[in-house]
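What follows is each chain in one-letter form.
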Amino acid sequence: MGPAEIVRFLKERVALFEGFAEEPLGRLVAASTVTTFEPNEAIIEFGEEGRFLGVLLEGEAEASIADDAGDRRQLGRLGPGSIFGEMSLMTGDRTVADVIGLTRATALLVPQRLFATVVATHPPALRLLARTLSERAKGYGEDVAKVALRRADDPYGLELRTPQPAKLLVINCGSSSLKYNLFDTADATRNARGIVERIGSDTARLVHRVGEDKQIRDLGRAGFAEAFAAIVGALTAKSGGVLGSLDEIAAVGHRVVHGGEHFSAATLLDDAVVREIEAVSPLAPLHNPANLTGIREARRLWPEAPHVAVFDTAFHHTLPEYAYLYGLPYELYEKQRIRRYGFHGTSHFYAALKAAQFLRRPFNSLEIVTCHLGNGASCCAVDHGRSVDTSMGLTPAEGLIMGTRAGDVDAGVLVHLMRSEKLGADQIDALVNKKSGLLGLSGVSNDMREIEEAAQSGNGRALSAFKAFAYRVRKYIGAYAAAMGGIDVVVFTGGIGQGSAHARSLACQGLDWMGIRVDEQRNRTARGFDEVCRISEDGAATEVLVVPADEERMIARETLRALSRQEVTLRIRAQEPLPVPIEVSAHHVHLAQAEVEALFGPGHQLKPRSELSQPGQFACEEQVNLVGPKGRIDRVRVLGPARKATQVEIAVTEQFKLGIVAPIRESGDVKGTPAVTLEGPAGKVALPEGVIAAMRHIHMAPEDALRYGVRDKYVVRVRVGGDRELIFGDVLVRVSPSYKLAMHLDTDEANAASIATGTPGYIDGVQAEA
């Protein structure tokens, strides 16, 4: 078909394009692609990001998916005029099915940009898309999504795939070293990495690698400007270079150790952000100034490329207040922001995502303890996708025993030493950060390999240091399992975590009662620097994995996502402000039918009292009492209809009344949450779990998501005007054809901000993508 024939075909045979004028349709066809695919050839493969809307022009195809056994299930048959690919474009989810030719077929592929700006802005087309999406979603069912997750090769974007080929540079600038990685998203064989060592001395040198090729160049005396010049030379060299010119760099990601409370995610760098990083530098005086030096030099060399700061502390911004506060006068937190911040966040996040990917389980369904063990070492509790505790504190000196850092120490010891040894602040700093840890305990080295050799040779202090190190890791694993109320996975990463089978084994000894059982043969033979390895026994309740660290790849991933968020945020702010109606949600209970009958009698059906804003949902006549370890809340409304699992939603201030601590979770995510007893007129039900404080969230239909420029599982900021104007962060977007547009806040938040049901909010920007 020629362009004019395709335009006529769209107008006459495709309901989606009814009502379109010929001129815009002609422009759409001209900017789209016509492609032919053969029988059994896939034009869309499941697990892909949505890239286009397809319209079948000729031939036949099917939407289908292969199950775990390889058997293919047909989800739908497509003929001329059928559309495909709309689900991933409208929801933001990856594709959950293959589209495969049954005969030789031809299709028009409308790019995502045109879909969003031309097709999805046409109201009749939008309504038809929403109806089609709803029908297909019901037909696919939950099992299809589960199979898609298990088969997806890159569900979390760690392979750095981009719509167009791009070269990303990652910079990690220390006080005397400069590490760099270049990622080519089109050709991984042209990735490069290297380091300039001993900057500021007379013996600086560059080590540059591309694949297995390694080059070493002595630089003599070199500062940071000379170090960057050497890196540029290596990247652009005729021999071993991977860049034709500096202009090929699409973006630069920078590691920044400390973001304070201000930065909760990777952030596009400008002069204001640089000033904010400078302002929190007193919290990381050895790291942030060096990071800023790298930022300034890189911005000078690549003035046109976007630069992104990726913060070690950002992953831990979800720590609850009770986990990050110290038992010091609260005024010290108010005035000096003295609190737990945590570090190694980029590594913990990467290791947890890789574990979820390896296990083929949703990241936000797992309770994970990640152990980053190296010269610097820390543990992190990752509860359903959120960091809820971590062993490092205000500085990296707290927590585990490290190479030269003491880790947890009674503060009274330091006061005693200041008095008895007349030590000043600088001497105490040097003691706990440079002279302690494995080095101070063993008297041998800060290198675990040398300590293990010495212990093997009978050195008693080295053996004590090794045992103390492993004991501290084991203690934190147990503590974090208690903090989360369970544990699914333990992950070891970092130089020691990947390299020392003995340290891993000893850290897990005695934890059989938690389901942690290490297979010693697997542990000894694990290739921890090359691939993700399972070292737990078959059938063990808790998985134990070794994950190769790759912080640089994670920085590149976060750089791409920050640029994507910025693009969406600018698009949102450029359009006419679209209000989101806010609804205030009081405490309530969702009941499964078994609990309905236990509380209200056999065969009882919930009685609607009033309709709610979400289609098909209603407040019930029925009420129950909540009974906790400390107290009770009476006459809590039940919402209908009955659900698959019972769930109780309360406000944060009500937790103390009941005597429990409910985590902030997405609705439906109740694993490992506190127990409570429900009282009804016909009986009681002791729930073993099920109490949450619901995340702030917005319900959206797919057409709403298109208008607002967001996708399912985005986390956004919402601005609310009025006398007490403020911005709510951490608002989860939930997209479904069955939803009606509304943002839900609990009574605590609404009362604090003087918000009533019906108050409009406005999406102000994107904090995180799915």
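Per-chain numbering applies: the sequence of each chain, read as written, is numbered from 1 onward. Per-residue local features of the predicted model are confined to residues with pLDDT of at least 70, and side-chain atom pairs are confined, for both listing and counting, to 80 or more; whole-chain, interface and lining totals are unaffected and use all residues. Side-chain measures were taken over the full set of non-hydrogen atoms in the model, leaving aside hydrogen atoms and water.

Asker: Which residues make up the pairing of strand E23 (residues 579–585), and what are the values?
Answerer: Any two strands with at least two DSSP-identified bridges between them are counted as paired. Strands here are runs of E lasting at least two residues and helices are runs of H or I lasting at least four, both read from the DSSP assignment and numbered beginning at the N terminus. Relative to strand E37 (residues 760–768), E23 runs antiparallel, the two sharing 3 bridges. Looking across to E37, one finds that Val580 is bridged to Gly761.

Asker: Give me the lowdown on the sheet that holds strand E17 (residues 367–373), citing residues and values where you can.
Answerer: Judged by pairing direction, the sheet is mixed, and its 6 strands sit side by side in the order E19-E18-E17-E20-E22-E21 without closing on themselves. Single-partner strands in this sheet number two, and they are strand E19 (386–390) and strand E21 (533–534). Looking at chain direction, E17 and strand E18 (residues 377–383) are connected through 7 bridges and run antiparallel. From the neighbouring strand, Glu367 faces E18, where its bridge partner is Asp383.

Asker: So what's going on with the packing of helix H12 (residues 411–420) against helix H13 (residues 425–434)? Which residues, and what values?
Answerer: As a rule, the C-alpha atoms of each element are fitted with a line to give its axis, helices using only the stretch in contact, and angles between N-to-C directions run from 0 to 180 degrees. Between H12 and H13, whose axes approach to 11 Å, the crossing angle comes to 130 degrees. If you check the angle between H12 and H13, you find them oblique. In this structure, H12 crosses over H13, and the sense of that crossing is right-handed. The residues of H13 that touch H12, namely those facing Leu414, Leu417 and Met418, are Ile428, Leu431 and Val432. Class assignment of the residues belonging to the contact of H12 with H13 gives a composition of 6 nonpolar, no polar and no charged. Just so you know how the angles are binned, under 35 degrees is roughly parallel, over 145 roughly antiparallel, 65 to 115 roughly perpendicular, and the rest oblique. We call a crossing left-handed when the near helix sits turned anticlockwise from the far one by less than a right angle, and right-handed when that turn is clockwise. What makes two residues a contact is simply this: any of their non-hydrogen atoms within 4.5 Å. In the scheme used here, Gly and all other residues not listed as nonpolar or charged are polar, with Ala, Val, Leu, Ile, Met, Phe, Trp, Tyr, Cys and Pro taken as nonpolar and Asp, Glu, Lys and Arg as charged.

Asker: Pulling in residues and values, what's your account of the packing of aromatic side chains?
Answerer: For Phe, Tyr and Trp, where Trp contributes only its six-membered ring, two rings pair if their centres lie within 6.5 Å, and the inter-plane angle classes them as stacked under 30 degrees, edge-to-face over 60, or tilted in between. The full count for this structure, using the stated rule, is 8 aromatic pairs. Both rings, one in Phe263 and one in Phe311, keep their centres 4.5 Å apart while their planes meet at 10 degrees; by these two values the pair is stacked. Highlighted residues: Phe263 in the loop between strand E14 (249–256) and strand E15 (267–268) and Phe311 in strand E16 (residues 307–311), separated in sequence by 48 residues. Note on accessibility: Phe263 and Phe311 belong to one class, buried. Ring centres of Phe315 and Phe349 lie 4.7 Å apart, and the angle between their planes is 10 degrees; on these two criteria the pair is classed as stacked. Here Phe315 is found in the loop between E16 and helix H9 (321–324), whereas its partner Phe349 is found in helix H11 (residues 345–359), with 34 residues between them in sequence. For each residue, the accessible area found with a 1.4 Å probe, counting protein chains only, is set against the maximum for its type, and the residue is called buried under 20%, exposed over 50%, and partly exposed in between. Overall, Phe315 belongs to the buried group, its relative accessible area being 11%. Classification of Phe349 by relative accessible area gives buried; the value is 19%. One aromatic cluster is present, formed by Tyr156, Phe315, Phe349 and Phe363 through successive ring pairs. Just above the ring of Tyr324 sits the side chain of Arg339; from NZ or CZ to the centre is 3.7 Å. One residue, Arg339, lies across the ring of Tyr341, its end atom 4.7 Å from the ring centre. We call a charge positioned above a ring when the Lys NZ or Arg CZ atom is no farther than 6 Å from the ring centre and deviates by at most 35 degrees from the ring normal.

Asker: Can you break down the pattern of salt bridges residue by residue, with the values?
Answerer: One side-chain nitrogen of Lys or Arg within 4 Å of one carboxyl oxygen of Asp or Glu is enough to make a salt bridge. Taken as a whole and judged by the stated rule, the model has 34 salt bridges. A salt bridge links Arg337 to Glu261, with the shortest nitrogen-to-oxygen separation between them at 2.8 Å. Placement of the pair is Arg337 in the loop between helix H10 (330–336) and H11 and Glu261 in the loop between E14 and E15, with a sequence separation of 76 residues. Residues Arg632 and Asp634 are paired through a salt bridge, measuring 2.9 Å at the closest nitrogen-oxygen approach. Judged by relative accessible area, Arg632 falls into the partly exposed class, the value being 35%. With a relative accessible area of 34%, Asp634 lands in the partly exposed category.

Asker: An account of the side chain of Asp154 is needed here, citing residue identities and associated values.
Answerer: With respect to the element layout, Asp154 can be found in the loop between helix H5 (123–151) and strand E9 (167–173). His is not counted here, nor are the chain ends, while Lys and Arg score as positive and Asp and Glu score as negative. Among buried Asp, Glu, Lys and Arg side chains, Asp154 stands out as unpaired, with Arg161 the closest opposite charge at 4.1 Å. Contacts described as polar in this section are N or O atom pairs within 3.5 Å, which, within protein, must combine one atom able to donate a hydrogen with one able to accept it, while residues neighboring in sequence count only if both atoms come from side chains. One polar contact links the side chain of Asp154 to the main-chain amide nitrogen of Glu159, over a distance of 3.2 Å.

Asker: Could you give me a rundown of helix H16 (residues 460–484), with the residues and numbers involved?
Answerer: Here the expected length of a helix is defined as 1.5 Å per residue gap, with one fewer gap than residues. For H16, built from 25 residues, the straight-helix expectation of 36 Å at 1.5 Å per residue is met to within 8% by its first-to-last C-alpha distance of 36 Å. Gly485 sits one or two positions beyond H16 and adopts a positive phi of about 75 degrees.

Asker: Talk me through the sheet that holds strand E12 (residues 204–210); I want residue IDs and the actual numbers.
Answerer: Taking strand neighbours across the sheet as the criterion, the 8 strands line up as E13-E12-E11-E10-E9-E14-E16-E15 in an open arrangement whose pairing is mixed. On the outer flanks of this sheet lie strand E13 (213–220) and E15, each paired with one strand and no other. Note: E14 against E16, 5 bridges, orientation parallel. Note on E16: the bridge partner recorded for His254 is Ala309.

Asker: How would you summarise the pairing of strand E22 (residues 543–546) if you had to cite specific residues and measurements?
Answerer: Burial along E22 is two-sided: Glu543 and Leu545 facing one way and Val544 and Val546 facing the other are all buried. For strand E20 (residues 489–493) and E22, the ladder comprises 4 bridges, and the chain directions are parallel. Bridge pairing in E22 places Phe492 opposite Val546. Relative to E22, E21 is paired through 2 bridges, and the arrangement is antiparallel. Of the residues in E22, the one forming a bridge with Cys533 is Val546.

Asker: Pulling in residues and values, what's your account of unusual backbone geometry?
Answerer: Of note, the bond from Gly640 into Pro641 is cis; its omega dihedral lies within 30 degrees of zero at 0 degrees. By the secondary structure assignment, Pro641 is in strand E27 (residues 632–643). Positive phi, close to 60 degrees, is recorded for His344, a residue that is not glycine. Tracing the chain through its elements places His344 in the loop between H10 and H11. Within the chain, His384 stands out as a residue other than glycine whose phi angle is a positive 50 degrees. Inspection of the secondary structure puts His384 in the loop between E18 and E19.

Asker: Residues and numbers for the environment of Arg51, please.
Answerer: Within the element layout of this structure, Arg51 appears in the loop between strand E2 (42–44) and strand E3 (52–58). Here Arg51 falls in the partly exposed class, since its relative accessible area comes to 47%. Distance from Arg51 to Ser610, taken between C-alpha atoms, is 42 Å for residues 559 residues apart in sequence. The contacts of Arg51, once residues within four sequence positions are left out, are Leu89, Val110, Pro111 and Gln112.

Asker: I'd like to hear about the nonpolar core, residue by residue, with values.
Answerer: Among the nonpolar cores identified, the biggest contains 47 residues, and Cys371, Leu373, Phe469, Val473, Ile477, Phe492 and Ile516 are the most heavily contacted of them. Within the residue set of this core, elements represented by two or more residues are E17, E18, helix H15 (448–456), H16, E20, helix H18 (501–508) and E22. Here the element with the most residues in this core is H16; it accounts for 11 residues. Discounting chain neighbours no more than four positions away, the residues touching Leu373 are Leu400, Phe469, Val473, Phe492, Thr493, Gly494, Gly495, Ile496 and Gly497. In plain words, nonpolar cores are sets of buried Ala, Val, Leu, Ile, Met, Phe, Trp, Tyr and Cys residues tied together by side-chain atoms within 4.5 Å. By size, the runner-up hydrophobic cluster in this structure holds 29 residues, among which are Leu178, Ala230, Leu235 and Ile249.

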